[in-house]
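# Chains, contacts and geometry: an overview
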Amino acid sequence: MHGYDILRNQTNQFENRNREIDTHIAAIRSEAETARKTLRDIPQPLGDGINIAAFEQSAPGLTEQFDLAREELFICAIELHKAFIKEAAQPITANLNLFSMMLKNENRKVISEHLGSDLWNTFFLTTPVISSTFASVGSMFGDDMRENSLGWSLLDESGQAVPQAAVGTLWRSRRAIVVGDPKQVEPVCESETGLTALLAKSNSVCVPDFDPNLGSAQTLSDRRATLGAYLGTGEDRIWVGCPLRVHRRSSDPMFSISNRISYANTMVLGKKPFSTEGWSGTIPDYGPGGHPSCWFDTPPNVDPANKVDVIQTNIVVNMLVRMVEQHALAHILKDAEGKHLKDDYLCADDMPNIFVISAFKAVSEAIQDAVVEATPRFIKANPALTPAIVSRWAKGDDKSKSERIGTVHAFQGKEAPSVIMALGGGSETLGAVNWAGKTANILNVAATRAKESFYIIGNHKLWSQTAPFLSATNGNGPQLPVIELPEFMGTVHDPESITRLDSLKQHLDTLRKAFEEAEACVRVSSPYITENAIDYEGLPIIPLIEAAVKRGVEVIVYNDLSMTSDSKMDVAERARKRLAAAGASFPSVSKVHAKTLIVDDIQIVEGSFNWLSSARQNTPYRYHESSFIYSGSDIADVITQAVAKIEGTASAC
């Protein structure tokens with residue numbers, strides 16, 4: 001039997017099978033239409049008696065039988081495709097050889113002029129999907145593929161593209177699906193707003209979406225969409241075509257922050273709540289199940305005119321080194337089903353599986369340089385690492401930039417288990433801060449890159465002057481708790497000597513040891529004082545002070561009653577009198593908000609825990625209380641600076 005006859009027989013078989021499937025699909029479609037009619041006849045409007053989350057995640061027109069039939073049809077189509085290629089192998093191979101020569105510019109003009117579109121179609125026959133950038137489409141296809149020559153074009157991340165960038169692709173396409181999010185990274189246009197406005201006016205273009213400074217390929221496509229929804233209100237209201245409302249990447253609080261600042265709370269979380277129940281092993285400090293997502297509130301920038309904040313940069317490096325130090329824990333950690341979880345914390349080369357994102361190029365480059373400078377620390381934490389591994393992780397290589405540290409524009413469409421957002425900025429760079437927080441786009445992208453853990457590092461007072469960043473820590477629904485970080489986190493000589501306290505028991509154990517083990521002096525800075533705290537049965541403070549004073553230890557308590565509200569003044573005054581009676585002294589201080597514990601000249605503890613007033617119960621907000629202990633080689637200098645800051649001028653005990 002000739003090859004043609006074999007192909008004809010196979011074709012007839014497939015056509016018969018396809019007719020059977022078509023009949024089956026028709027029956028399923030009839031059932032689906034009945035289901036749609038039932039849904040349309042539901043009397044209640046959405047939101048009144050209907051579970052919106054369940055509704056958005058349902059597919060009324062899709063049944064299991066319909067889905068299976070569709071899969072069968074696709075498989076049959078692929079088999080037919082394969083059969084054709086097999087039987088027509090000789091001419092297809094010849095065409096592909098010519099196609100390769102054309103791409104290599106071997107007689108391209110002659111080949112392209114006579115066969116260009118045919119060769120491209122042969123290539124599409126064997127490789128149905130071709131990936132390219134907008135910038136490369138023109139040079140790649142040239143005159144070979146002209147108007148309506150492509151069947152389908154799928155434009156991804158079109159919210160980042162200026163409208164004009166998509167023209168060549170759309171011109172060549174008969175049909176297009178444009179996918180993007182106007183609430184994430186916006187296009188970068190190098191033309192001045194005044195120039196683009198002048199060009200629009202001179203060409204009688206009155207639609208703002210055509211202006212590359214105002215619109216994108218996505219917003220321009222949305223204008224033509226007949227199915228869609230409005231997002232936002234007032235001047236911020238925009239029309240989005242066929243919105244996909246179910247979010248499946250980020251857990252809370254990232255999802256709720258994004259939903260609140262960008263989508264007017266119209267999104268639905270289609271992901272199960274994250275849980276570490278049943279995990280075996282010790283969970284590393286940072287990453288899924290480690291320190292909860294939070295805003296690490298850093299002191300003001302030491303150089304207020306600089307976007308780069310040295311303290312923030314050092315804190316990021318310290319976190320990354322800590323992740324590497326705990327590589328052994330990550331390698332043996334398993335979930336409840338026995339699945340290894342190492343990939344949630346470390347990359348294949350054992351560097352951290354985390355993104356470090358900033359709005360500013362200067363900040364991301366400073367962090368890259370700092371990571372490379374810290375190479376000895378990374379290798380000390382894991383001797384299997386090399387300088388080349390650390391450098392490639394931080395800065396990339398000759399072929400590509402870093403995939404781990406960069407500006408927010410480099411991470412659109414990507415995801416990682418954890419994300420650090422380093423804000424940078426100083427009081428004299430408020431213009432840059434306002435630019436980054438002018439819209440919610442930058443924070444939205446950064447937060448939704450993280451699947452489970454999201455850490456913002458920056459001065460909360462400075463950045464919360466912008467609405468999106470304020471909403472991250474102050475809004476309805478889950479939000480980021482603000483964790484105050486001591487200044488020494490980014491300046492000490494031995495950052496590996498820093499340890500973290502994040503439970504009530506750890507804080508109380510540290511306070512007990514301070515009174516029991518001090519030899520000369522215990523200093524406690526607590527903005528508020530309550531009798532409930534000093535009388536807590538788990539750690540009665542009065543007897544501890546009395547015992548320490550009896551040993552000759554000086555106990556100094558820094559507290560300014562002007563910080564206490566009138567309704568709580570009586571309680572605070574009684575508590576102070578009782579502490580003083582036990583032997584504590586109260587030097588005069590003004591508006592001190594530090595929460596500090598200092599033991600002799602050997603240890604300092606700073607953070608968010610009010611040592612003499614914080615609630616002594618394990619509440620759901622316990623992770624709001626986080627402190628850091630330091631006792632490195634320069635501890636005496638660190639203590640001197642801390643005391644001077646509290647008292648004005650003083651020296652350590």
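These remarks concern the structure in this document. (Residues numbered from 1 in each chain as written. Predicted model: local features only at pLDDT ≥ 70, side-chain atom pairs only at ≥ 80, totals over all residues. Heavy atoms only, no water.)

### Re the overall build of the chain
We count it as follows: Runs of H or I in DSSP of at least four residues are treated as helices and runs of E of at least two as strands, each being numbered from the N terminus. Note on definitions: a residue-residue contact is assigned when non-hydrogen atoms from the two residues lie within 4.5 Å. The protein chains shown are the only cover counted for residues, whose accessible areas, like all others here, come from Shrake-Rupley with a 1.4 Å probe. Charged residues are defined narrowly, with Lys and Arg counted positive, Asp and Glu counted negative, and His plus the chain ends left uncounted. Charged groups are reduced to one reference atom each: NZ for lysine, CZ for arginine, CG for aspartic acid, CD for glutamic acid.
A tally of helices and strands in the chain yields 24 helices and 18 strands. Overall size of the chain, expressed as C-alpha extent along the three principal axes, is 105 × 60 × 60 Å. The long-range fraction of contacts in the chain, counting pairs at least 24 apart against all pairs at least 6 apart in sequence, stands at 73%. Here the chain has roughly 33,900 Å² of accessible surface; of this, 52% comes from carbon and sulfur atoms. Here the chain holds 63 positive side-chain charges and 79 negative ones, and the gap between their average locations is 4 Å.

### Some points on the nonpolar core
We apply this condition: Only buried residues count toward a nonpolar core, which is a set of Ala, Val, Leu, Ile, Met, Phe, Trp, Tyr and Cys residues joined through side-chain atoms within 4.5 Å. Throughout this description, buried means an accessible area under 20% of the type-specific maximum (1.4 Å probe, protein chains only), exposed means over 50%, and partly exposed covers the range between.
Membership of the largest hydrophobic core comes to 87 residues, with the highest contact counts inside it found for Phe296, Val371, Phe378 and Phe454. Top element by residues in this core is helix α11 (residues 310-325). It accounts for 9 residues. Apart from the residues lying within four places of it in its own chain, the contact partners of Val371 are Val317, Leu320, Phe378, Val390, Trp393, Ala394 and Ile405. One finds Leu508, Ala518, Val553 and Ala584 within the second-largest nonpolar core, a separate group that totals 31 residues.

### Here we look at the packing of helix α5 (residues 108-126) against helix α6 (residues 134-141)
Going by this rule: Angles shown run from 0 to 180 degrees and are taken between the N-to-C directions of axes, each axis being a line fitted to C-alpha atoms and, for helices, limited to the stretch in contact. Our angle categories are set so that under 35 degrees counts as roughly parallel, over 145 as roughly antiparallel, 65 to 115 as roughly perpendicular, and the remainder as oblique. Side-chain classes are defined by residue name, with Ala, Val, Leu, Ile, Met, Phe, Trp, Tyr, Cys and Pro counting as nonpolar, Asp, Glu, Lys and Arg as charged, and the others, Gly among them, as polar.
Where α5 meets α6, the closest approach of the two axes is 11 Å, and the angle between their N-to-C directions is 120 degrees. Judged by the inter-axis angle, α5 sits oblique to α6. Contacts between α5 and α6 pair Arg108, Trp120 and Phe124 from the former with Ser139, Met140 and Phe141 from the latter. Per-class residue counts for the contact of α5 with α6 are 4 nonpolar, 1 polar and 1 charged.

### Focus: the sheet that holds strand β10 (residues 416-422)
Using the following cut-off: Any two strands with at least two DSSP-identified bridges between them are counted as paired.
The strand order β9-β8-β10-β11-β7-β12 describes an open sheet built from 6 strands, whose pairing is parallel. What marks the edges here is a single partner per strand, and that holds for β9 (405-407) and β12 (482-484). Taken over all neighbouring pairs, the strand axes of this sheet differ in orientation by 25 degrees on average, direction set aside. In the sheet, strand β8 (residues 354-358) pairs with β10 via 4 bridges, with the strands oriented parallel. Counted as the bridge partner of Ile354 is Ser418 from β10. Its contacts with the sheet place α11 against β7 (294-297), β8, β10 and β11 (450-458), and it is angled at close to 145 degrees to β11.

### Some points on a nonpolar patch on the surface
To be explicit about the condition: Each patch is built from residues that are more than 30% exposed by relative accessible area and take part in no salt bridge. Like charges join if they lie within 9 Å; nonpolar side chains (Val, Leu, Ile, Met, Phe, Trp, Tyr) join within 5 Å. Whenever Lys or Arg places a side-chain nitrogen within 4 Å of a carboxyl oxygen from Asp or Glu, that contact is recorded as a salt bridge.
A cluster of nonpolar side chains, Trp152, Leu154, Ile177 and Val179, forms an exposed patch at the surface whose accessible area comes to about 430 Å². Among the secondary structure elements, Leu154 is positioned in strand β1 (residues 150-155). We classify Leu154 as exposed; its relative accessible area is 64%.

### Quick look at the pattern of salt bridges
Scanning the model with the defined rule gives 19 salt bridges in all. The closest approach of N and O atoms between Lys451 and Glu415, which form a salt bridge, is 4.0 Å. Of the two residues, Lys451 is situated in strand β11 and Glu415 in the loop between β9 and β10; the sequence distance between them amounts to 36 residues. The exposure class assigned to Glu415 is partly exposed, which follows from its relative accessible area of 42%. A salt bridge links Glu531 to Arg578, with the nearest nitrogen and oxygen atoms 3.3 Å apart. Of this pair, Glu531 sits in helix α21 (residues 531-534) while Arg578 sits in helix α23 (residues 569-582), placing them 47 residues apart in sequence. Classification of Glu531 by relative accessible area gives buried; the value is 18%. In the salt-bridge network here, residues are joined through shared partners; they are Asp285, Arg322, Glu325 and Arg500.

### Some remarks on the sheet that holds strand β15 (residues 554-558)
Pairing is mixed in the open sheet, where 6 strands are placed in the order β13-β18-β17-β16-β14-β15. Of all strands in the sheet, those bounded by a partner on one side alone are β13 (499-501) and β15. Between one strand and the next, the sheet's axes are offset by a mean angle of 15 degrees, whatever the strand orientation. Examined bridge by bridge, strand β14 (residues 521-525) and β15 share 5 bridges and lie parallel to one another. Bridging from a neighbouring strand, Val524 pairs with Val557 of β15.

### Some points on helix α13 (residues 361-373)
Convention followed: The length a helix should cover is 1.5 Å for every residue beyond the first. By arc we mean the arc of the directions from the helix axis to the C-beta atoms, nothing more.
Spanning 13 residues, α13 covers 18 Å between terminal C-alpha atoms, matching the ideal 18 Å at 1.5 Å per step. All buried positions along α13 are accounted for by Val363, Ser364, Ile367, Gln368, Ala370 and Val371. End-on, the buried residues of α13 take up no more than an arc of 165 degrees, which puts them together on one face. α13 presents Lys361 and Glu373 as exposed residues on the side facing more than 90 degrees away from its buried surface. Buried residues along α13 sit against α11, β8, α14 (375-381), α15 (387-395), β9 and β10.

### A word on the packing of aromatic side chains
For clarity, the cut-off: Only Phe, Tyr and Trp rings take part, Trp by its six-membered ring, and two of them pair if their centres are within 6.5 Å. Stacked means planes under 30 degrees apart, edge-to-face means over 60, and tilted covers everything else. Only lysine NZ and arginine CZ atoms are considered, and such an atom sits over a ring when it is within 6 Å of the ring centre and within 35 degrees of the ring normal.
Counting across every chain of the model gives 17 aromatic pairs. Residues Phe99 and Phe123 carry aromatic rings whose centres are separated by 4.6 Å and whose planes lie at 20 degrees to one another, so their mutual orientation is stacked. Residue Phe99 is located in helix α4 (residues 89-103), and its partner Phe123 is located in helix α5; the two are separated by 24 residues in the primary sequence. Look at Phe123 and you get partly exposed, because its relative accessible area is 21%. Look at Tyr286 and Tyr455: their rings are 5.9 Å apart centre to centre, the planes differ by 85 degrees, and that puts the pair in the edge-to-face class. Linking Tyr286 in the loop between β6 (268-269) and β7 with Tyr455 in strand β11, this pair joins segments that are 169 residues apart in sequence. Here the two residues Tyr286 and Tyr455 agree in accessibility, since each one is buried. Clustering of aromatic rings is evident, with ring pairs tying together Phe99, Trp120, Phe123, Phe124 and Phe141. Of note, Lys414 hangs over the ring of Phe411, and the distance from its end group to the ring centre comes to 5.8 Å.

### Quick word on the side chain of Ser153
As a reminder of what qualifies: Whenever a nitrogen or oxygen atom comes within 3.5 Å of another N or O atom, the pair is scored as a polar contact, on the condition that within protein one atom can donate a hydrogen and the other can accept it, and that pairs from neighbouring residues in sequence are kept only if both atoms are in side chains.
Inspection of the secondary structure assignment puts Ser153 in strand β1. Within the structure, the side chain of Ser153 is placed 2.4 Å from the side chain of Ser173, a separation counted as a polar contact. Sequence-distant contacts of Ser153, that is, excluding residues within four places in its chain, are made with Thr169, Ser173, Arg175, Ala176 and Ile177.

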